[in-house]
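# Examining the three-dimensional arrangement
Chain by chain, the residues:
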Amino acid sequence: VTVTLIRSAIVVGFFLAWEFASGRWIEPFLISSPSRIFTSLFTGFYSGDLLQHTWVTFQEVAIGFPVGAISGIALGYAFGRSRLLAEIFEPIIIALNGIPRTALAPLFIVWLGIGLWSKVGVVFLLTFFLNFFNTYTGMRQMDQEYVDLARLMGVKGWKLSFKVIFPAISPYVFTGIRTSIPFAVIGAIVGEFVAATEGVGFFIRMSAGIFKTADVFVGIIVLMIMVIIMDKIAEAVERRALRWQTQTEHIQIQA
């Protein structure tokens, strides 16, 4: 309770100092103020414009993120299961990972246009590599005795994968998923910065171009809320999926 009160006091104090400094110590068009930002947030959603921009960005993330995450997890799993596959393609994947993905955004605009799919492509790339490397690391760190013991007991095929291997590497998988959430949103915004006619990134760029600082902060707040909601959903799924770890630890303590 004490920690929560201290944290709340710090946040409230920060916003009060910000409100007081705006227009007194610093020009409002540079930092705006919490009251102006709240007013712009309410006006933007009430008019429907901000809601439309948010919906566009959400679509880009909602398509690119799961496809990138699933592809990265699947390929990381395949590399971990096949030494030959890993030896052939691992250097290529590492080399591709060295390319700044945001620098590829203009190419996706050229290839896929300024609409939805160019942003989906950037989101896919930013999501794919994080999930691939986390899953592949989990496969390499996994104790092979789990697999050998399961095979001795007659477990094979999809049961071996979903009953033994994925539960063993699930902490790595969920770390990749949760780590890639903000990067997925960053990918959508970068694509919208480069070329777009709608989306939160376009809204931020347009607002900054006409010095509407309050609207810039509104766009940032919307993105922050989007990331927090996605992370909380992933956290809930992770907690449910990893219940077996808590139960195992409880049994070990009792023993």
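Residue indices follow the written sequence of each chain, beginning from 1 at its first position. Per-residue local features are limited, in this predicted model, to residues with pLDDT of at least 70; the limit for side-chain atom pairs, both in listing and counting, is 80 or more; totals at the level of whole chains, interfaces and linings are taken over all residues. Excluded from the side-chain calculation are hydrogens and water; included are all heavy atoms of the structure.

### Remarks on the overall build of the protein
For the purposes of this entry, the term helix denotes a DSSP run of H or I that reaches at least four residues, the term strand denotes a run of E that reaches at least two, and both are numbered from the N terminus. A tally of helices and strands in the protein yields 12 helices and zero strands. Seen in sequence order, the protein has helices and strands lined up from the N terminus as α-α-α-α-α-α-α-α-α-α-α-α. This radius of gyration counts C-alpha atoms alone. The globule rule is 2.2 Å times how many residues there are, raised to the power 0.38. On C-alpha atoms alone, the protein measures out to a radius of gyration of 23 Å, which is more than a quarter above the 18 Å that the 2.2 N^0.38 rule sets for 255 residues. Seen along its three principal axes, the alpha-carbon backbone of the protein occupies a region of about 75 × 55 × 30 Å. Relative accessibility under 20% of the residue-type maximum defines a buried residue, over 50% an exposed one, and the middle range a partly exposed one, all with a 1.4 Å probe and only protein chains included. By the burial criterion, 37% of the 255 residues in the protein qualify as buried. The contact criterion used is simple: two residues touch if any of their non-hydrogen atoms lie within 4.5 Å. The long-range share in the protein, meaning contacts at least 24 apart out of those at least 6 apart in sequence, stands at 72%. Summed over its atoms, the accessible surface of the protein is roughly 15,200 Å², and 69% of this surface lies on carbon and sulfur atoms. Positive and negative side-chain charges in the protein, numbering 19 and 16 respectively, have mean positions lying 5 Å apart. Per-residue and other accessible areas were derived by the Shrake-Rupley procedure at a 1.4 Å probe size, with only the shown protein chains allowed to occlude residues. Counted charges follow a simple rule, with Lys and Arg positive, Asp and Glu negative, and His plus the chain ends left uncounted. Where a charge lies is defined by one atom per residue type, namely NZ (Lys), CZ (Arg), CG (Asp) and CD (Glu).

### Re unusual backbone geometry
We note that Ser32 has phi near 55 degrees; this positive angle belongs to a residue other than glycine. Tracing the sequence through the fold places Ser32 in the loop between α2 (28-31) and α3 (34-47). Despite not being glycine, Phe211 shows a phi value in the positive range, around 60 degrees. Take Phe211: it is sitting in the loop between α10 (200-209) and α11 (213-241).

### Regarding the nonpolar core
As a rule of thumb, soluble globular proteins bury nonpolar side chains together. In this text, buried Ala, Val, Leu, Ile, Met, Phe, Trp, Tyr and Cys residues form a nonpolar core when linked through side-chain atoms within 4.5 Å. Grouped together as the largest cluster of nonpolar side chains are 36 residues, with contacts concentrated most on Val61, Phe65, Ile165, Ile177, Val185 and Met230. At the level of elements, α3, α4 (49-81), α7 (116-141), α8 (144-152), α9 (158-194), α10 and α11 are the ones that each hand at least two residues to this core. The residues touching Ile177, leaving out its near neighbours within four places in the chain, are Phe65, Ile73, Asn131 and Ala234. Residues Phe108, Val122, Leu126 and Val190 belong to the second largest nonpolar core, which totals 13 residues.

### Thoughts on the pattern of salt bridges
Criterion for a salt bridge: a side-chain nitrogen of Lys or Arg within 4 Å of a carboxyl oxygen of Asp or Glu. Summed over the entire model, instances satisfying the criterion amount to six salt bridges. Between Asp231 and Arg178 there is a salt bridge; the shortest N-O distance is 3.1 Å. Residue Asp231 is located in helix α11, and its partner Arg178 is located in helix α9; the two are separated by 53 residues in the primary sequence. The partner of Glu235 in a salt bridge is Arg239, with the nearest N and O atoms 3.3 Å apart.

### With respect to the packing of aromatic side chains
Note on aromatic contacts: the rings of Phe and Tyr and the six-membered ring of Trp form a pair at centre separations within 6.5 Å, being stacked when their planes are under 30 degrees apart, edge-to-face when over 60 apart, and tilted otherwise. Under the definition given, this model contains 18 aromatic pairs. Ring geometry for Phe79 and Phe89: centres 6.4 Å apart, planes at 35 degrees, overall tilted. With Phe79 in helix α4 and Phe89 in helix α5 (residues 83-97), this pair connects stretches of sequence that are 10 residues apart. Seen in terms of ring centroids, Phe79 and Tyr136 are 6.0 Å apart; in terms of plane orientation they differ by 90 degrees. Their pairing is edge-to-face. Placement of the pair is Phe79 in helix α4 and Tyr136 in helix α7, with a sequence separation of 57 residues. Comparing Phe79 with Tyr136 shows no difference in burial state: the two are buried. Connected via pairs of aromatic rings, a cluster forms that spans Phe79, Phe89, Phe124, Phe128, Phe129, Phe132, Phe133 and Tyr136.

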